[in-house]
Amino acid sequence: MRDDEHDVEYAVSVRDVSKNYGDVEALKDLSLDFPRGQLTSILGPSGCGKTTLLKIIAGLLSPTSGEVEVNGKTVTGPGPDRAFVFQDFALLPWASVIRNVAFGLELRGVAKSERESIAQKYIKNVGLSGFENSFPHELSGGMRQRVGLARALSVDAQVLLMDEPFSAVDEQTRRKFQEDLLSLVQQESKTFIFVTHSIEEAVFVSDQIAILLPRPSRVSEIIKPTGIRNKGTDNIRRDPEYLDIVDRIWASLRSYVE
Amino acid sequence: MKVLGYRLPGMSSLLLWGLLWEIVGRLDVTFFIPPLSEVFQTLFSIIGTPAFVKAISETAYAFVVGVTSAIVIGVPVGILMGKSRLLDELLLPWVNIFLSAPLTALVPVLMVLFGFGMKSIIIITTLFAVWIIILNSRAGVMQINRSLVEMAHCFGASPMDAFTKIYFWAALPEILGGVRIGVIRGVKGVIIGQLLISIVGFGALFELYSANFLMGHFWAVLIVLFALAFTISEFLAYLERRVGYYASKR
Ligand SMILES: Nc1ncnc2c1ncn2[C@@H]1O[C@H](COP(=O)(O)OP(=O)(O)O)[C@@H](O)[C@H]1O
Ligand SMILES: [Mg+2]
């Protein structure tokens, strides 16, 4: 059971971050806090700077101004406290599933037998047992993303950054993923930062939703669908509060959609 | 190819051309073309002679050293050019010029610089092979999926890790393609070098045979060279197919 009232401590804090690509202002003075152990969604129409924000938190991009703190330390680059799940999976096409899952550990210099036994555990966790020696091109999109997820989990980072991880998989797989993600958030005491452009998905999985609007990009609203969190996955989608929140978010986003 | 319902093995058409060669040879049209059977007889008779063994080992040495240097220089340079914009701007014009330049024209200069021996031939071989290897390695790196690079960076890859675990493998299909063409050009380089310098390896042998109108010998050596070049190129094509499974899915 996760409870907002207790440890309102932030794993990640974004302070007045701006990012310009040449003349394009992708982010402007954006501030946002991510409560520890919870899942925060960043929701917004495409092009509003979600990926940019996530990459700045990951340390892959440096902000034009402002700063990001992870566990109180200012981010200057990627670090072992954060792991990334990519929209396009970013798997090594020449490496087997187990090597892909263990790749983060391989880069950290963990011995082969040790990293493979850790990888094995997470391959089982994400439901890919038996596919250890398959190659990415032999797997479906959904299975590939499970590999990407297992890789991020196996480095045991406190913060998991996910950039539209389910956008490249089919609808059924996507629903299954959303349910699995909910139980993952419960099991692992990690902070999840989850980028999506799907309103339903955000409301379904999040403890907190930050709505990002473009031109200039900013956090326009923060919504906490606390009431539906403990309803159980089967009931959430027909819960009146769930439907209300979806409607409310749509109302504020619709004017930004051409 | 199928004839009368039978599936013929690859390159059966060579038999036909061989037959034509034999007939033309028997007709005594020109001294330049002896019958193929005679060429093969000559081939077997000279293949163990010290002159032939010397020629082929000298050629193999020049070829292996030349092509290996081309690979060892070409692959890293190409990868670095693909990674660094600055390096690319600096080197690309030269690579393109040398790729299309008539390198044979450089041979006299190289002979002046490096003498009339093995050294010049090795350098010529390298010069023939290296440019396409650079260009292909560069192209392989340029088409790399950016998110693989970000992924490696994200999970803490050092620049060396990124080089050996990401860039090299991502570019491998193009690198092998480049090496294959480079090797074929290297064969040209080593032969042209020997012909122009003509005191080493097959150059010396060709000089001897053509001066004495030994056309059977001449063709026999040529067939050996063609067969070697073809075998090497087929072997590299096989390696290329081995990595083909991910070439289209990066
Ligand atoms: N490398 C880049 N160079 C120039 N502009 C970029 C770059 N990356 C993103 N942008 C621009 O920044 C804005 C935000 O992009 P992005 O963060 O990818 O948005 P989202 O992930 O929400 O779709 C877009 O207008 C996009 O065109
Ligand atoms: Mg995006």
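Residues numbered from 1 in each chain as written. Chains lettered and ligands numbered in written order. Predicted model: local features only at pLDDT ≥ 70, side-chain atom pairs only at ≥ 80, totals over all residues. Heavy atoms only, no water.

## Comments concerning the side chain of Thr196 of chain A
Residue and element names in this part refer to chain A. For clarity, the threshold we go by: Helix numbers and strand numbers start at the N terminus; a helix is a DSSP run of H or I with at least 4 residues, a strand a run of E with at least 2. To sort residues, take the accessible area from a 1.4 Å probe on protein chains only and compare it with the maximum for the residue type: under 20% means buried, over 50% means exposed, and anything in between is partly exposed. Any pair of nitrogen or oxygen atoms within 3.5 Å is treated as a polar contact; in protein, a donor-acceptor pairing is required on top of that, and neighbouring residues in sequence qualify only through side-chain atoms on both sides. For this analysis, residues touch if any pair of their heavy atoms sits within 4.5 Å.
Summarising the element assignment, Thr196 is placed in strand β8 (residues 191-196). Taking the relative accessible area as the measure of exposure, Thr196 reaches 2% and is therefore buried. Of note is the side chain of Thr196, whose polar atom sits 2.9 Å from the backbone nitrogen of Ser198. Once residues lying within four places of it in the same chain are set aside, the contact partners of Thr196 are Ile42, Leu43, Gly44, Lys50, Glu164, Arg174, Glu201 and Ala202.

## Considerations on the nonpolar core
The criterion, for reference: Residue types Ala, Val, Leu, Ile, Met, Phe, Trp, Tyr and Cys, when buried and joined through side-chain atoms within 4.5 Å, form a set referred to as a nonpolar core. Source of the domain bounds: an automatic or database domain assignment.
Counting residues in each nonpolar core, the largest one holds 156 residues, and the members touching the most others are Leu181 and Ile249 of chain A. Counting residues per element, this core draws most heavily on helix α8 (residues 159-197) of chain B, which supplies 15 residues. Shared between two domains, this core takes at least three residues from each, and those domains are domain 1 (1-81 + 186-258) and domain 2 (84-156) of chain A.

## Examining the site of ligand 1
Residue and element names in this part refer to chain A. Applicable threshold: A cutoff of 4 Å decides nearness: a residue is near a molecule or strand if any of its heavy atoms lies inside that distance of it. Each accessible area is a Shrake-Rupley result for a 1.4 Å probe, and residues are judged covered by the shown protein chains and nothing else. Each residue receives one of three labels: charged for Asp, Glu, Lys and Arg, nonpolar for Ala, Val, Leu, Ile, Met, Phe, Trp, Tyr, Cys and Pro, and polar for the others, Gly being one of them.
Lining the immediate surroundings of ligand 1 are Tyr21, Ala26, Ser46, Gly47, Cys48, Gly49, Lys50, Thr51 and Thr52. A distance of 3.3 Å is found between an oxygen atom of ligand 1 and a backbone nitrogen or oxygen belonging to Cys48. The backbone of Lys50 places a nitrogen or oxygen atom 2.9 Å from an oxygen atom of ligand 1. Its free accessible area being 560 Å², ligand 1 has 58% of it covered by the protein chains. Per-element tally for the shell around ligand 1: the top contributor is helix α1 (residues 50-58), with three residues. Partitioned by chemical class, the residues of the shell around ligand 1 number three nonpolar, five polar and one charged.

## Some remarks on the domain arrangement of chain A
All names here are of chain A. Applicable threshold: Accessible area, probed at 1.4 Å, shrinks when two parts are joined; the buried area is that loss added up over both. Any carboxyl oxygen of Asp or Glu within 4 Å of a side-chain nitrogen of Lys or Arg constitutes a salt bridge here.
Entries for chain A in the domain assignment read domain 1 (1-81 + 186-258) and domain 2 (84-156). The interface of domain 1 with domain 2 comprises seven residues on the first partner and five residues on the second. In this assembly, domain 1 packs against domain 2 so that about 560 Å² is buried in total across both faces, 61% of it on carbon and sulfur atoms. At the boundary of domain 1 with domain 2, the tally comes to one salt bridge.

## A look at the sheet that holds strand β5 (residues 73-74) of chain A
The strands that make up a sheet are held in pairs by hydrogen bonds between backbone atoms, and each pair lies either parallel or antiparallel. All names here are of chain A. Cut-off, in case you're wondering: We treat two strands as partners when DSSP finds at least two bridges between them. The convention used is that axes are lines fitted to C-alpha atoms, helices contributing only their stretch in contact, and that angles between N-to-C directions extend from 0 to 180 degrees.
Spatial strand order, β2-β1-β4-β5: four strands in an open sheet with antiparallel pairing. A single partner strand is all that each edge strand has here, and the edge strands are β2 (24-35) and β5. In this structure, strand β4 (residues 65-70) lies alongside β5, joined through two bridges in antiparallel fashion. The residue bridging Glu69 from the neighbouring strand is Thr74, located in β5. Across the face of the sheet, α1 comes into contact with β1 (10-21), β2 and β4 while running at roughly 120° to β1.

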